[in-house]
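Fold and contact review
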Amino acid sequence: MSVNLSKATALITGANRGIGRRLAAQLVTRGAKVYATARRPESINIYGVEVLPLDITDPDAIAEAAKKADDVNLLVNNAGIGGAALLGDIDDVRVAMDVNFWGTLSMVRAFAPVLARNGGGAIVNIAYSASWFVFPGGSAQGPPRPWSGA
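What comes next concerns the included structure. (Residues numbered from 1 in each chain as written. Predicted model: local features only at pLDDT ≥ 70, side-chain atom pairs only at ≥ 80, totals over all residues. Heavy atoms only, no water.)

Next up on the list: the side chain of Ser-43. You can see Ser-43 is positioned in the loop between strand 2 (33–38) and strand 3 (50–53). Sequence-distant contacts of Ser-43, defined by excluding residues within four places in its chain, comprise Asn-16 and Ala-38. (Helix = DSSP H or I, 4+ residues; strand = E, 2+ residues; numbered from the N terminus. Contact = heavy atoms within 4.5 Å.)

Okay, here's the thing in structure tokens:
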């Protein structure tokens, strides 16, 4: 299924900087209605978007976003964090997984029914780049590699 961007209503997580900010701005220029979200909504300064506060690790915040943005037919899960090394501090790994995996999954689960009620649409999950590569000391969410014992 393709989504006509000029008729799309998108919600973008992590829209305050980087890829999320650029995607939000580009969707607005293409005629889409855009909900731009971030943990710190005051950090979003994109003309033409509707700003929503959203911490994707907070189930209540996700439910509130799904309630407010009940016309979405394009969900862009962009929010993410890095810095959790596989063999690093386990609390850092938990925080990274809470955002990058559980938070993203929670967004999909909350917005899938919204998209269905709106006749379908698309979900785009943008993965943190360290999840694509395997290297010593790399991300805890990267693909497994043969254990070398080091």
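Let us keep going from here.
Spatial strand order, 3-2-1-4-5: five strands in an open sheet with parallel pairing. The open sheet has two edge strands, strand 3 and strand 5 (122–125), and neither has a second partner. Each adjacent strand pair in this sheet contributes to an overall mean axis angle of 15 degrees, direction not counted. As defined by bridge partners, strand 1 (residues 9–12) adjoins strand 4 (residues 74–77) across three bridges and the pair is classed as parallel. Bridging from a neighbouring strand, Leu-11 pairs with Leu-75 of strand 4. Packed onto the sheet, helix 3 (residues 90–117) meets strand 1, strand 4 and strand 5 and runs at close to 175 degrees relative to strand 4. (Pairing = 2+ DSSP bridges. Axes fitted to C-alpha atoms, helices over the stretch in contact; angles between N-to-C directions.)

It is worth spelling out the nonpolar core at this point. Among the nonpolar cores identified, the biggest contains 18 residues, and Leu-11, Leu-54, Ala-69, Val-72, Met-107 and Phe-111 are the most heavily contacted of them. Looking at this core, the elements with two or more residues in it are helix 2 (59–68) and helix 3. Among the elements that line this core, the one with the most residues is helix 3, at five residues. (Core = buried A, V, L, I, M, F, W, Y, C linked by side-chain atoms within 4.5 Å. Buried < 20%, exposed > 50% of the residue type's maximum accessible area, 1.4 Å probe, protein only.)

Turning to the packing of aromatic side chains, a few remarks are in order. Applying the stated criterion across every chain yields a total of one aromatic pair. An angle of 80 degrees between the planes, with centres 4.7 Å apart, marks the rings of Phe-101 and Trp-102 as edge-to-face. A relative accessible area of 38% places Phe-101 in the partly exposed class. (Phe/Tyr/Trp six-rings, centres within 6.5 Å; stacked < 30°, edge-to-face > 60°.)

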